[in-house]
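# Structural features, examined
So the chains spell out like this:
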Amino acid sequence: MAINPGPDGSTGTELMVDINTTPLIDVMLVLLIMLIVTIPIQLHSVNLNMAVRAPAADEVKPEIVKLDIDARGVVYWNGQAMPDRLSIEARMRAAAAQPLQPQVQLRPDKAARYETVAAVMASAQRTGLSRMGIVGSEQFAHGD
């Protein structure tokens, strides 16, 4: 407790009944510093234990089917022009039925219509081809 001095500097008998908060603030700062010190350092990486598998010597590489689409919308199966969409889907069904599905590499021309490319991809999905990739996308990077 403290004595409240009066306005003229004289000490009155009136007591000041306020709590001294300095020790409370000191204790809170010490607790805050202890909390900061004990928090583990956060890393921006995810540690994973990846299984290491030696490549099998007798692993069979899948057949590669090249699907090209030219600027006119003609689809080529390994260099052979396909007359219509039904013949493309028939070849896709036959490829999907193989025990080891071929890897289909779709290479659309830069000037090919998106509609044609999307139709070929939809046909591949519908017929069950699961290994398909788009090759030659570097031609689209330059915006020429």
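Please refer to the structure placed before this passage.
Residues numbered from 1 in each chain as written. Predicted model: local features only at pLDDT ≥ 70, side-chain atom pairs only at ≥ 80, totals over all residues. Heavy atoms only, no water.

## Points about the side chain of Glu-89
To keep it simple, the criterion reads: Segments assigned H or I by DSSP are reported as helices when at least four residues long, segments assigned E as strands when at least two residues long, and all are numbered from the N terminus. Accessible area is worked out with a 1.4 Å probe on protein chains only. A residue is then buried under 20% of its type maximum, exposed over 50%, and partly exposed in between.
Locating Glu-89 in the fold gives a position in helix 2 (residues 85–96). By relative accessible area, which is 9% here, Glu-89 ends up buried.

## Points about the side chain of Gln-101
As a reminder of what qualifies: In the analysis that follows, any N or O atom pair within 3.5 Å is treated as a polar contact, provided that within protein one partner can donate a hydrogen and the other can accept it, and provided that, for residues neighboring in sequence, both atoms belong to side chains. Contact criterion: two residues are considered in contact whenever any of their non-hydrogen atoms come within 4.5 Å of each other.
Along the polypeptide, Gln-101 turns up in the loop between helix 2 and strand 6 (103–108). Of the residues examined, Gln-101 reaches a relative accessible area of 14% and is grouped as buried. Within polar-contact distance, the side chain of Gln-101 engages the backbone oxygen of Gly-128 at 3.0 Å. Dropping the residues within four chain positions of it, Gln-101 is found in contact with Pro-62, Ala-95, Ala-96, Gly-128, Leu-129, Ser-130 and Arg-131.

## Re the pairing of strand 3 (residues 64–69)
Using the following cut-off: For two strands to be treated as a pair, DSSP must find at least two bridges joining them.
Pairing geometry for strand 3 and strand 6, over six bridges, is parallel. Each residue of the ladder has a partner; that of Leu-67, found in strand 6, is Leu-106. Two elements, strand 3 and strand 4 (residues 75–77), share three bridges in a ladder whose sense is antiparallel. Within the sheet, the bridge partner assigned to Ile-69 lies in strand 4 and is Val-75. Counting the residues that bridge the hairpin from strand 3 to strand 4 gives five residues, and of these Gly-73 lies at a positive phi of roughly 95°.

## Structural notes on the sheet that holds strand 6
We apply this condition: Axis angles are defined between N-to-C directions and span 0 to 180 degrees, where every axis is a line fitted to C-alpha atoms and, for a helix, only to the segment in contact.
Read from one edge to the other, the open sheet built from five strands follows the order 5-4-3-6-7, with strand pairing classed as mixed. Of all strands in the sheet, those bounded by a partner on one side alone are strand 5 (80–81) and strand 7 (132–134). Along the sheet face, helix 2 touches strand 3, strand 4 and strand 5 and points at about 35° away from the line of strand 4.

## Here's the deal with a nonpolar patch on the surface
What counts, and what does not: Here a patch means residues that are over 30% exposed by relative accessible area and free of salt bridges, tied together within 9 Å if like-charged and within 5 Å if nonpolar (Val, Leu, Ile, Met, Phe, Trp, Tyr). The method behind every accessible area is Shrake-Rupley, applied with a 1.4 Å probe, and residues are considered shielded solely by the protein chains displayed. We define a salt bridge as a side-chain nitrogen of Lys or Arg found within 4 Å of a carboxyl oxygen belonging to Asp or Glu.
A grouping of Leu-24, Val-27, Met-28, Val-30, Leu-31 and Met-34 is seen on the molecular surface, where their side chains present a nonpolar patch of about 580 Å² in accessible area. Looking at where Val-27 falls in the secondary structure, it is placed in helix 1 (residues 22–38).

## A short note on unusual backbone geometry
Phi at Asn-78 takes a positive value of approximately 50°, unusual for a residue other than glycine. Relative to the elements of secondary structure, Asn-78 occurs in the loop between strand 4 and strand 5. What makes Asn-78 partly exposed here is its relative accessible area of 42%.

## Observations regarding the pattern of salt bridges
Using the criterion set out here, one finds six salt bridges in the structure. Measuring nitrogen to oxygen at the nearest pair gives 2.9 Å for the salt bridge that ties Asp-68 to Arg-107. Taken together, the residues Asp-68 in strand 3 and Arg-107 in strand 6 connect sequence positions 39 residues apart. Residue classification places Arg-107 among the partly exposed positions, given a relative accessible area of 32%. The residue Arg-72 makes a salt bridge to Asp-70 at a minimum N-O spacing of 3.0 Å. On the basis of relative accessible area, Asp-70 is assigned to the buried category, the value being 16%. Linked through salt bridges whose partners overlap, the residues forming this network are Arg-85, Glu-89, Arg-93 and Arg-126.

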